[in-house]
Structure formats: structure tokens, C-alpha cells
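Overview (structure and organization)
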Amino acid sequence: HIVDADGNALGLPPRERKAGADHGHDVPLTREDKERVAVIFILSFFVIFFWACFEQAGASLTVFADRQTDREIFGWTMPASWFQSVNAVAIVVFAPVFAWLWSRLGRVNLDPSTPVKMSLGFVFMAIGYLVIALGVRGVGPEMKVSMMWLISLYLLHTFGELCLSPIGLSAVSRLSPPKFASLMMGVWYLSSSAAN
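Residues numbered from 1 in each chain as written. Predicted model: local features only at pLDDT ≥ 70, side-chain atom pairs only at ≥ 80, totals over all residues. Heavy atoms only, no water.

Structural notes on the packing of helix 1 (residues 31-54) against helix 6 (residues 181-195)
Between helix 1 and helix 6, the shortest axis-to-axis distance is 7 Å and the interhelical angle comes to 25°. Relative to helix 6, helix 1 is oriented roughly parallel. Crossing of helix 1 over helix 6 shows right-handed handedness. Mapping the contact onto sequence places Val37, Ile40, Phe41, Leu43, Ser44, Val47, Ile48, Trp51 and Ala52 in helix 1 and Met184, Val187, Trp188, Ser191, Ser192, Ala194 and Ala195 in helix 6. (Axes fitted to C-alpha atoms, helices over the stretch in contact; angles between N-to-C directions. Helix = DSSP H or I, 4+ residues; strand = E, 2+ residues; numbered from the N terminus. Parallel < 35°, antiparallel > 145°, perpendicular 65-115°, else oblique. Left-handed = near helix turned anticlockwise from the far one by under 90°. Contact = heavy atoms within 4.5 Å.)

If you want it as C-alpha cells, here you go:
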């Protein structure tokens with residue numbers, strides 16, 4: 001017991017743990033819990049491919065911005081690294097739009113399921129690379145293309161991120177057994193690490 005200067009007890013005495021008491025962390029996983037953990041691992045595996053494509057922004061896409069993108073604006077050359085800010089600005093601008101969209105669709109019972117939303121993320125990713133492929137079709141290595149091609153790719157990839165990342169985090173927190181919630185969130189973030 002901890003006491004004050006007059007000898008009065010501070011706080012409450014510790015509770016006795018009763019044998020056989022259900023304390024949550026001691027309960028074995030049910031079959032449903034195991035299936036949910038399996039779903040988290042499957043989702044985490046597939047998002048590795050999304051993030052591997054997405055993270056080209058800091059690698060091959062920045063090289064493309066530097067070597068094959070016309071970055072001249074009224075005689076001033078924009079640094080290639082500035083294209084990295086397109087994603088950040090687009091997240092701030094479009095995150096409320098996507099949140100409103102999912103909420104609106106939910107109110108009229110048209111909210112897509114989690115797998116559909118995450119699949120849309122992959123679709124936006126693919127369309128983004130299709131756009132840049134169209135932009136460079138028939139262009140030699142010494143020629144430069146409009147920066148709008150690269151900006152369009154980054155916007156589409158951001159839309160994909162908004163369909164996949166927050167939805168995936170929500171799914172992990174919803175599916176995780178309480179005693180493994182932190183561990184499962186770590187598994188989800190490990191997929192980003194593997195992608196990088």
C-alpha cells in the first residue's frame with residue numbers, strides 16, 4: 001500500500017485474480033478469430049504490390065521527371081523533386097471528398113465492400129501507369145513530355161491510395177482479435193516495408 005504523510009491509503013488496493021477468470025488475453029483464439037487473422041495476412045500480402053508500384057514516386061518516376069519531363073514554367077525550371085508534393089497536396093484536397101463519397105454511398109446502401117474499395121485502389125494505380133505509358137508512346141529518350149502526364153499519374157495514384165490505405169487500416173482494426181490488434185497493425189505496416 002502507498003500512504004500519504006498521515007498514514008492514509010492512497011488509491012485502491014490491487015484486485016485479486018481469481019482462478020479461471022476470463023481476462024481476454026488468456027482466451028484462446030476462436031476459429032472465426034483465426035479466419036480474420038488469415039484475411040489480414042492475405043490483404044497485407046496483396047497490398048505489397050500496390051505499395052511497390054506506388055513507391056516508384058521516389059525512384060523511377062523522379063528520374064523520369066528529371067530526364068523526360070518538360071519542367072519549364074515561364075522560363076523557370078521546376079525541380080524534379082517537387083513532383084513529390086503532388087501526392088501530399090492531393091491527399092489534403094481529396095481525402096474529405098472520398099470520406100464524403102463513402103459516407104454518402106453508405107447512407108443510400110450503395111457503399112462498396114472493403115475488397116471492392118481496395119480493388120479500386122489497384123485499378124487507379126493501373127490507370128495511372130497507363131496514362132504515363134500513353135504519354136511516352138513514340139517518344140525518344142532525348143525528348144521531353146508535358147508535366148501534365150506525370151501530374152495525372154500522381155493524382156490517379158493518390159486516388160488509389162485513398163481507396164486502399166485508410167480502408168485497409170480500418171479493416172485491420174475491425175478484423176483483429178483484441179489481444180492481437182497491435183500485432184496485426186504491425187503486419188499491415190510490414191507490407192509497406194516489404195514493398196519498399
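A closer look at the environment of glutamine 84
Looking at the element boundaries, glutamine 84 is found in the loop between strand 5 (76-77) and helix 3 (85-107). Residue glutamine 84 is classed as partly exposed on the basis of its relative accessible area, which comes to 34%. Residues glutamine 84 and glutamate 161, spaced 77 residues apart in sequence, show a C-alpha to C-alpha distance of 14 Å. Apart from residues no more than four positions distant in its own chain, glutamine 84 is found in contact with Ala57, Gly58, Thr62 and Tyr154. (Buried < 20%, exposed > 50% of the residue type's maximum accessible area, 1.4 Å probe, protein only.)

What about helix 1?
With 24 residues, helix 1 ought to run about 34 Å at 1.5 Å a step, and its terminal C-alpha atoms sit 35 Å apart, in line with that. Considering bend angle alone, the principal kink of helix 1 is centred on valine 47 and spans about 25°. Every buried residue of helix 1 is accounted for by Asp33, Val37, Ile40, Leu43, Ser44, Val47, Phe50, Trp51 and Phe54. Of the surrounding elements, those touching the buried residues of helix 1 are helix 3, helix 4 (114-136), helix 5 (147-175) and helix 6. (Expected span 1.5 Å × (residues − 1). Bend = angle between axes of the 7 residues up to and from the residue.)

Describing the packing of helix 1 against helix 4
The interhelical angle for the contact between helix 1 and helix 4, taken along N-to-C directions, is 25°, at an axis separation of 10 Å. Looking at the two axes, helix 1 sits roughly parallel to helix 4. At the point where helix 1 passes helix 4, the crossing takes the left-handed sense. Residues Leu43, Phe46, Val47, Phe49, Phe50, Cys53 and Phe54 of helix 1 form the contact with helix 4, whose participating residues are Met118, Gly121, Phe122, Met125 and Tyr129. Tallied by class, the residues present in the contact of helix 1 with helix 4 amount to 11 nonpolar, one polar and no charged. (Nonpolar A, V, L, I, M, F, W, Y, C, P; charged D, E, K, R; others polar.)

Looking at a nonpolar patch on the surface
A surface patch of nonpolar side chains, about 490 Å² in accessible area, is lined by Ile42, Phe45, Phe46, Phe49 and Phe122. Top element by residues in the nonpolar patch is helix 1. It accounts for four residues. By secondary structure assignment, the location of phenylalanine 46 is in helix 1. Phenylalanine 46 sits in the partly exposed class, given a relative accessible area of 46%. (Patch = residues over 30% accessible without salt bridge, like charges linked within 9 Å, V, L, I, M, F, W, Y side chains within 5 Å. Areas by Shrake-Rupley, 256 points an atom, 1.4 Å probe, with all protein chains shown as cover. Salt bridge = Lys/Arg side-chain N within 4 Å of Asp/Glu carboxyl O.)

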